[in-house]
Amino acid sequence: KHDDTPENRNIKELMDAQARLISDEMKRGVFDYLKWFPNGNKAYLFRAQQSTQRSRIYTVEGYYQEWIEKQVGRVRPHRVKDYKSQFQAHILPAKVAESTFGKIPLPFLTRQHLKDLQHGLTAKGLKASSVNGIVHGSLRAMLRDARAEGIIEVDLFDIAFRPFFKPLSTNDSETSIDPYIPEEREDILEGFRKYRPHYLLFVYFQFWQGTRPSEAIALRRQDIDLRYSSAKIHRTRVEGKEAGTKTKRSNREIHLHDNVVEVLKASLPLHVK
């Protein structure tokens, strides 16, 4: 405790102003550690290479904003969509250690932060497989690239630390499959028939064939052989962009059920116009 003197008050005002500037830089993801703490206990992380990239401290959110833009064209469109959804809905706004996860400076991120994030997502009611996909899938992918760029030094997902921090067990998870009963299915189809007829064929096909939605969307007339009741699955379409299937094994020829063939015959022309 210091005496209430004009000199000490001036020092306090100066420190408060600096704290506001530091907080603002952290929020914007442009915090420069060496500028503020040239002799700080983390300074050694940035002195080895004095480049702008290394001396600038990104927050989780600040690095994410640049990282997600680089994923376009690097990974499949549906993966980019998953990354955006999971980061924006679950990772960046999560509350951990009296802070928001997205505002934590990347070099200060710890395994305890990740463990708290994982616990918080579980407390929200997310299934173990979903939590693992968010934390050990999407977040891990971003932190892997941050390490490759020299933004952080430590692999927070190192297998050596599994006893302390590891993916959740999914062995005891209840099945999420809850199929519609026939009456519910017919009610849904009738609703599309009346109010969204242009989607009816797609919904009918999905009910009976069960392909991935992106695979069904990418189907073309030449992929379907009604004479032999078959369809070739060899591409996907996500957010207007076409690509190959998820894996090589996903390229396949499926058998069409008789009722699906009849519906397709009534809906598709014999020849492409």
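Refer to the structure above for everything that follows.
Since this is a predicted model, take the numbers as computed values, not measurements. (Residues numbered from 1 in each chain as written. Predicted model: local features only at pLDDT ≥ 70, side-chain atom pairs only at ≥ 80, totals over all residues. Heavy atoms only, no water.)

Draft legend 1. Region of interest: the nonpolar core. By size, the foremost hydrophobic cluster in this structure holds 34 residues, and its most contacted members are Phe-101 and Leu-106. When residues of this core are traced back to their parent elements, those giving at least two are helix 5 (60-71), helix 6 (77-91), helix 7 (111-123) and helix 8 (128-148). Dropping the residues within four chain positions of it, Leu-106 is found in contact with Tyr-58, Thr-59, Val-60, Tyr-63, Leu-143, Ala-146, Ile-151 and Ile-152. If you look at the next biggest cluster of nonpolar residues, it comprises 16 residues, including Leu-189, Val-203, Leu-256 and Val-261. (Core = buried A, V, L, I, M, F, W, Y, C linked by side-chain atoms within 4.5 Å. Buried < 20%, exposed > 50% of the residue type's maximum accessible area, 1.4 Å probe, protein only. Helix = DSSP H or I, 4+ residues; strand = E, 2+ residues; numbered from the N terminus. Contact = heavy atoms within 4.5 Å.)

Draft legend 2. Fine view of the pattern of salt bridges. With the rule as written, the count across this model stands at 13 salt bridges. The partner of Glu-242 in a salt bridge is Arg-235, and the shortest N-O contact between them spans 3.7 Å. Arg-235 gets classed as buried once you look at its relative accessible area, which sits at 19%. Arg-237 is paired through a salt bridge with Glu-242; the nearest N and O atoms lie 3.2 Å apart. A relative accessible area of 30% places Arg-237 in the partly exposed class. Residue class for Glu-242 comes out partly exposed when judged on its relative accessible area of 40%. (Salt bridge = Lys/Arg side-chain N within 4 Å of Asp/Glu carboxyl O.)

Draft legend 3. Layout of a negative patch on the surface. Among the surface-exposed residues, Asp-178, Glu-183, Glu-184 and Asp-187 lie close enough to one another that they form a single negatively charged patch. Assessed through its relative accessible area of 35%, Glu-184 is described here as partly exposed. (Patch = residues over 30% accessible without salt bridge, like charges linked within 9 Å, V, L, I, M, F, W, Y side chains within 5 Å. Areas by Shrake-Rupley, 256 points an atom, 1.4 Å probe, with all protein chains shown as cover. Lys, Arg positive; Asp, Glu negative; His and termini not counted. Charge placed at Lys NZ, Arg CZ, Asp CG, Glu CD.)

Draft legend 4. Spotlight on the packing of aromatic side chains. Counted by the stated rule, this structure contains eight aromatic pairs. Aromatic side chains Tyr-64 and Phe-87 sit 4.6 Å apart centroid to centroid with 20° between the ring planes, which places their arrangement in the stacked category. Here Tyr-64, found in helix 5, pairs with Phe-87, found in helix 6; they are 23 residues apart in sequence, far enough to count as distant. The buried category is assigned to Tyr-64, whose relative accessible area is 2%. Arranged with centres 5.9 Å apart and planes meeting at 70°, the rings of Tyr-180 and Phe-207 form a pair that is edge-to-face. On the criterion of sequence distance, the pair formed by Tyr-180 in the loop between helix 8 and helix 9 (182-195) and Phe-207 in helix 10 (residues 197-209) is long-range, its members being 27 residues apart. A relative accessible area of 52% means that Tyr-180 is categorised as exposed. (Phe/Tyr/Trp six-rings, centres within 6.5 Å; stacked < 30°, edge-to-face > 60°.)

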